[in-house]
Amino acid sequence: MIEPSTTPPPYWFPAKTYGWGWGLPVTWQGWVVMAVFVALMLVGAVVLLPSYGHPVFLAYSLVLCAVLVGVCWFKGEPPRWHWGDSDR
């Protein structure tokens, strides 16, 4: 018979120690997500800003940020307010 695992699922993004949200990635998958986010922001700045201007780049950036928050929401620790290590 197979015993259920008691280890928690590996989160890509841990909760911040102070405040609400997520910290830096702790897995390679999380670092890939961050690298792709930064690369897409840089490409957007180089391609969209000169050609289409600030409003299009702002919309592009908001979409990328929303996607990043979505990935953090589904692959990170559940977000809640933290007051430090005593809170965990």
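Computed from a prediction, not measured in an experiment: that's the story for all the values here.

A.B. asks: Please explain the overall build of the protein as it appears in this structure.
C.D. replies: Broken down by element type, the protein carries two helices and two strands. Helices and strands in the protein line up, N terminus first, as β-α-α-β. Taken over 88 residues, the protein has a buried fraction of 28%. Restricting the contact set of the protein to residue pairs at least 6 apart, pairs at least 24 apart contribute 50%.

A.B. asks: Teacher, can you tell me more about helix 1 (residues 28–52) here?
C.D. replies: Over its 25 residues, helix 1 extends 34 Å from the first C-alpha to the last, a length consistent with the 36 Å expected when each residue adds 1.5 Å. At Ala45, helix 1 is deflected by roughly 30 degrees, the largest bend along its length. Taken together, the buried positions of helix 1 are Gly30, Val33, Phe37, Met41, Gly44 and Leu48. Looking at the buried positions of helix 1, the neighbouring elements they touch are helix 2 (54–75). Once helix 1 finishes, Gly53 follows within two positions and takes phi at roughly 95 degrees, a positive value.

A.B. asks: What is the right way to read helix 2 from this model?
C.D. replies: Three or four residues apart is the spacing at which side chains of an α-helix point the same way, because the helix has 3.6 residues per turn. An ideal rise of 1.5 Å per residue puts 32 Å on 22 residues; helix 2 measures up with 31 Å between its terminal C-alpha atoms. Where helix 2 is concerned, the buried positions are Phe57, Ser61, Leu64, Leu68 and Cys72. Projected down its long axis, helix 2 shows its buried positions confined to an angular sector of 80 degrees, all on one face. Every exposed residue of helix 2 that faces more than 90 degrees away from the buried side is listed here: Pro55, Leu62, Val63, Ala66, Val67 and Phe74. Looking at the buried residues of helix 2, the elements they touch are helix 1.

A.B. asks: What exactly am I supposed to notice about the side chain of Thr27 here?
C.D. replies: One can find Thr27 in the loop between strand 1 (18–19) and helix 1. The residues touching Thr27, leaving out its near neighbours within four places in the chain, are Tyr11 and Trp12.

About the thresholds
Residues numbered from 1 in each chain as written. Predicted model: local features only at pLDDT ≥ 70, side-chain atom pairs only at ≥ 80, totals over all residues. Heavy atoms only, no water. Helix = DSSP H or I, 4+ residues; strand = E, 2+ residues; numbered from the N terminus. Buried < 20%, exposed > 50% of the residue type's maximum accessible area, 1.4 Å probe, protein only. Contact = heavy atoms within 4.5 Å. Expected span 1.5 Å × (residues − 1). Bend = angle between axes of the 7 residues up to and from the residue. Arc of directions from axis to C-beta.

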